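# Fold and contact review
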Amino acid sequence: MPVVVDESNGMEKLVLKSEQGAIAEVYLHGAHVVSWQDATGKDLMFTSKQAIFKPPKAIRGGVPVCFPQFGQLGPLGQHGFARNTKFDLLQETADSATLVLKAVGDEDEKYPYPFELTVRVQLGQQGDAPTFTQEVAANNTGSEEMSFTAALHTYFKISAIGNVAVSGLDGVTYTDSLQGGQRMQQSGDVIFDQEVDRIYLAVPDSGVQISDSGSGAVFEVHKAGFPDAVVWNPWVAKAQAMADFGDEEYKEMLCIEPAVAGSGPYKLAPGQTWSGSQTLVYKAA
Ligand code: TA6
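Please read these numbers as outputs of a predicted model, since none were measured by experiment.

## A word on the UniProt feature "binding site: substrate" (unreviewed entry) in the protein chain
According to UniProt, the feature "binding site: substrate" (unreviewed entry) maps to Arg60, Gln78 and Arg83 in the numbering used here. A compact arrangement is adopted by the annotated residues: their sequence extent is 24 residues, whereas the largest C-alpha distance between any two is 13.5 Å. Of the annotated positions named here, the largest pocket is lined by Arg60, Gln78 and Arg83. Structurally, Arg60 is set in the loop between β4 (32–37) and β5 (65–66). Taking relative accessible area as the criterion, Arg60 reaches 17% and is therefore assigned buried. With sequence-adjacent residues up to four places away left out, Arg60 is seen in contact with Thr47, Ser48, Ala51, Tyr155, Trp232, Met242, Asp244 and Phe245. Side chain to side chain, Arg60 and Tyr155 meet in a polar contact 2.9 Å long. Ignoring sequence-local partners within four residues, the contact set of Gln78 consists of Gly71, Gln72 and Arg83. Here the side chain of Gln78 touches Gln72 through a polar contact of 3.0 Å, side chain to side chain.

Next comes the structure, spelled out in structure tokens:
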């Protein structure tokens, strides 16, 4: 499918469709995936009804690409500038797209390091389960060492926050962003009855799952290249504080974000490339 202009916001996007009928929409702005639906049209990712589709503003939902910085882990604005910048289309097929950001080093005076960031999105199928694979690669095209943190800040659509548990993190050390980065150890599944904002460190690449007792569905989160995983639900106060997020929308979303965060920053020598990926598997009831 060629690049199309979304009539509602005038922004360029690609609409990917798998052989089985799953659909994903990827904006050139930020190489931002804003939706992933199964073949029945069910939303598997969350995007706020109040999301602002007006560059350079990052879109609230889907998968913001956080690079060359995650959060406040560096001198740049929150989550770096890749999610606020338009990518070029390198390649596309019916069910995949590859986009690239060729940063020349003047995007932010605090980051005078040129790089190329490639983002590839691929829809697939694993038995009856639709899959979503996203690969990122950062190549240092400059003459100096560059360091970065990063995340694929994925917003999952869930039945209700009280219905979900995240497994696969038992015993994993995390830093609690709500407690000044205090190091803690996860005991059992992660459940949600308040704001949660945690960076889990050195997380196994497979085994993290979101189980939704409301729908009976399970999301499997597989990753590579990203050592950490961020778990975030804004809960009531933070939801009310975000203009591009509905006050009640915290109930229908959960972020699990493969990241180079607490285990970073990573460093790239001139000419060196780092790559990371996530593969999401949606198993309906
Ligand atoms: O995902 C964790 C986090 O760093 C939270 O602290 C919260 O700020 C969230 O990202 C959203 O950040 P944003 O800049 O998109 O509002």
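## Details of the nonpolar core
The biggest cluster of nonpolar side chains holds 72 residues, and the ones touching the most others in it are Trp36 and Leu254. The contact partners of Leu254, leaving out residues within four places of it in the chain, are Thr154, Tyr155, Phe156, Ile158, Ile161, Val164, Val166, Phe192, Ile210, Val231, Trp232 and Asn233. Cys66, Phe70, Val230 and Ala261 belong to the second-largest nonpolar core, a separate cluster that totals eight residues.

## Concerning the packing of aromatic side chains
Describing an aromatic ring pair means giving the distance of the ring centres and the angle of the ring planes. Within the structure shown, the criterion is met by 18 aromatic pairs. Residues Phe148 and Trp274 carry aromatic rings whose centres are separated by 5.1 Å and whose planes lie at 50 degrees to one another, so their mutual orientation is tilted. Taken as a pair, Phe148 in strand β10 (residues 146–148) and Trp274 in strand β23 (residues 273–283) lie far apart in primary sequence, 126 residues in all. Neither residue differs from the other here; Phe148 and Trp274 are each classed as buried.

## Observations concerning empty space enclosed by the protein
Taken as a whole, this structure holds two cavities of 30 Å³ or more when the rule is applied. Volume-wise, the largest cavity comes out at about 40 Å³. In this structure, the largest cavity is lined by Val203, Pro204, Asp205, Val208, Val221, Lys223, Ala229, Ile256, Glu257 and Pro258. Broken down by secondary-structure element, the contributors of at least two residues to the lining of the largest cavity are β19 (217–224) and β21 (253–260). Considering each element in turn, the lining of the largest cavity owes the most residues, three residues, to β21. Split into classes, the residues belonging to the lining of the largest cavity amount to seven nonpolar, no polar and three charged. Lining the second largest cavity are Val65, Cys66, Phe67, Leu117, Val136, Ala150, Ala151, Leu152, Phe226 and Trp274. Where the lining of the second largest cavity is concerned, the elements lending two or more residues are β5 and β11 (150–152). In terms of residues, the lining of the second largest cavity owes the most to one element, β11, which gives three residues. Along the lines of polarity and charge, the residues of the lining of the second largest cavity split into 10 nonpolar, no polar and no charged.

## As for the environment of Ala24
Summarising the element assignment, Ala24 is placed in strand β3 (residues 23–27). Spatially, the C-alpha atom of Ala24 lies 4.3 Å from that of Trp36, the residues being 12 residues apart in sequence. With sequence-adjacent residues up to four places away left out, Ala24 is seen in contact with Leu14, Val15, Leu16, Ser35, Trp36 and Leu123.

## Quick word on unusual backbone geometry
Put simply, Phe67 and Pro68 share a cis peptide bond, and its omega is 0 degrees. With respect to the helices, strands and loops of the structure, Pro68 is situated in the loop between β5 and β6 (88–93). A positive phi angle, near 50 degrees, is found at Ala31, a position not held by glycine. Relative to the helices and strands, Ala31 resides in the loop between β3 and β4. Although it is not a glycine, Trp235 adopts a positive phi angle of roughly 60 degrees. Tracing the backbone through its elements, the reader meets Trp235 in helix α1 (residues 235–241). Judged by its relative accessible area of 21%, Trp235 is partly exposed.

Conventions we followed
- Residues numbered from 1 in each chain as written.
- Predicted model: local features only at pLDDT ≥ 70, side-chain atom pairs only at ≥ 80, totals over all residues.
- Heavy atoms only, no water.
- UniProt positions renumbered as here; feature names shortened; annotations may be inferred.
- 1 Å grid on protein atoms, 1.4 Å probe; cavity = no way out; pocket = protein on both sides within 12 Å on 5 of 7 lines; lining within 4 Å.
- Helix = DSSP H or I, 4+ residues; strand = E, 2+ residues; numbered from the N terminus.
- Buried < 20%, exposed > 50% of the residue type's maximum accessible area, 1.4 Å probe, protein only.
- Contact = heavy atoms within 4.5 Å.
- Polar contact = N/O pair within 3.5 Å; in protein donor to acceptor, adjacent residues only side chain to side chain.
- Core = buried A, V, L, I, M, F, W, Y, C linked by side-chain atoms within 4.5 Å.
- Phe/Tyr/Trp six-rings, centres within 6.5 Å; stacked < 30°, edge-to-face > 60°.
- Points joined across faces, edges and corners; volume = space filled by probe spheres on them.
- Nonpolar A, V, L, I, M, F, W, Y, C, P; charged D, E, K, R; others polar.

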